[in-house]
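What the coordinates show
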Amino acid sequence: MGNKNVYIETYGCQMNVSDSEVVASIMQEAGYTMTDRLSSANVALINTCAVRDNAEQRVWGRLYVFKQQKRRNPSLLVGMLGCMAERLKEDLFDKGLVDIVAGPDAYRDLPNLVQQAANGQKAINVLLSREETYADIAPVRMDANGVAAFVSIMRGCNNVCTYCVVPYTRGGERSRNPDTIVREIRELVARGYKEVTLLGQNVDSYRWTEGSEASRTVTFARLLELVAQVSPALRVRFATSHPKDMSNGVLYTMAMYPNICDHIHLPVQSGSTRMLELMNRKYTRDEYLQRIAKIREIIPQCAISTDIIAGFCSETQEDHEATLSLMRDVAFDYAFMFQYSERPNTKAARHFKDDVPAEEKKRRLTEIIALHNELSLKNNEKEIGQTQEVLVEGVSKRSEDELFGRTPQNKVVVFPKRQHRIGDYVQVKIIRCSSATLIGEAASPPAPQSPAGEQGSYAPEGATINSKGQRPVIK
Ligand code: 5AD
Ligand code: SF4
């Protein structure tokens, strides 16, 4: 075993997956080799999430596992990265479980920090930056399939949703130079990638201005267009959109380019205007519904997904019912649903009482999940009999003889493998479904060259066009 093997485990959002790829690049550049086995690591890194308490508890659980490995290999150095590192800072050393602490803007310093820790010093860098976007670093792709990649287009968040810890752990918002984004995506296409997901906490506020006279301003709509133009065979996704900022320009750009997928992740959080105000979301229930109406007008078959929080401070049964009724109005295609978890030092923790009892939060969440499953099953049933273009991402977990992939609407489809391969675009006829998955049969031989069957044309489709990753979408 060499003495420069780095193992990295990633928790939380897609942004963390993307950050771990940047970390791998930085460590390789410094002479380290990545390993996927903790047992052969000299440095074990854990990239963490602080958005809810249970995300942090999982990380603590893993740190005890790392500690056992340290008993077998006493020179193993353990480093905590990401949002928990930023939130807990120095205190992380108290339990004797970590040797290195690096916040989200400190990854360039990691090789130094590892060196310091190897010399027996406390190694910590949790400085947040106003500029860091890691724009010049070519991420080392750690996904197994070589089909779909995440590309960070911005970092941080300037919204202060009262429940959310992200602005404190990831700092202020900054956009990445669009030239470096397009270059990275061209390289991915040259290596055979078929899909990119542009990532940011709030992609609609992406903005790049060059020159003192603002001679060139690139908005998110323009960036989306630049990326869609890289190759007609490249599927383009993005997340997360903010209901207060999502412009019609983005919707028209989606409608113009068949290779921009018909899916928008638009977290609502609550259906009650009173709750939305307490959450500082800066839109009302009606304004959210107007955004949805606009999406449906411009892109009728667009899938819409969301995030919902149950049991935020002072939420009444009436507020909860407003969430249920909004869910019925919108019928989200998928949703990430959570019970409120108070995060230290957020505005809500400082100013509001976390007064919905745990049992009641759980009850409301269960009701929200049950309704969502019912509505998404109905949505999926509408797909039966239709043929969808599926980009194959891998072999199904259930059977070696089945493949899985996604439709432009981001719905997971499982179908018999036959002659099809990972990375193919396959026309699949949907024959059955559950609330989470579509089951189909390939309806045609592979057509690998083009999304939406469009043979590379950019002809606008008018009103009729079109995250992968482990769990939670963003943030
Ligand atoms: N408690 C519960 N859910 C939260 N989220 C963010 N902060 C909290 C919290 N304190 C949810 C929001 C956000 C998603 C990524 O996580 O729904 O959109
Ligand atoms: Fe920013 Fe999203 Fe957190 Fe709001 S919920 S503060 S938009 S990261």
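Since the structure is predicted, the reported quantities are computational estimates derived from the model, not experimental observations. (Residues numbered from 1 in each chain as written. Chains lettered and ligands numbered in written order. Predicted model: local features only at pLDDT ≥ 70, side-chain atom pairs only at ≥ 80, totals over all residues. Heavy atoms only, no water.)

Turning our attention to the domain arrangement of the protein. When the parts of a complex come together, some accessible area is lost, and that lost area is often used as the size of the interface. The domain boundaries assigned to the protein delineate domain 1 (5-125), domain 2 (143-261), domain 3 (265-381) and domain 4 (382-462). On a C-alpha basis, the centroid separation for the pair domain 2 and domain 3 is 24 Å. Summing both sides of the interface, domain 2 and domain 3 together bury roughly 2100 Å²; the carbon and sulfur share of this comes to 67%. A per-residue breakdown of the area domain 2 buries against domain 3 is headed by Thr162, Tyr163 and Pro243, which together make up 38% of the total. In this structure, the connection of domain 2 to domain 3 is made through 0 salt bridges. Counting across the domain 2 and domain 3 interface gives 10 residue pairs in polar contact (both at pLDDT 80 or more). (Domains from an automatic or database assignment. Buried area = accessible area lost by both parts, 1.4 Å probe. Salt bridge = Lys/Arg side-chain N within 4 Å of Asp/Glu carboxyl O. Polar contact = N/O pair within 3.5 Å; in protein donor to acceptor, adjacent residues only side chain to side chain.)

Right, let's talk about the pairing of strand E1 (residues 5-10) for a bit. Burial within E1 is extensive, with 5 of its 6 residues counted as buried. With 2 bridges joining them, E1 and strand E2 (residues 33-34) adopt parallel strand pairing. Across the sheet, Asn5 pairs through a bridge with Thr33, a residue of E2. Handedness of the E1-helix H1 (residues 14-29)-E2 crossover: right-handed. Where E1 and strand E3 (residues 43-48) come together, 5 bridges link them in parallel fashion. Note on E3: the bridge partner recorded for Glu9 is Ile46. (Buried < 20%, exposed > 50% of the residue type's maximum accessible area, 1.4 Å probe, protein only. Helix = DSSP H or I, 4+ residues; strand = E, 2+ residues; numbered from the N terminus. Pairing = 2+ DSSP bridges. Right-handed = clockwise from strand over helix to strand, strands pointing away.)

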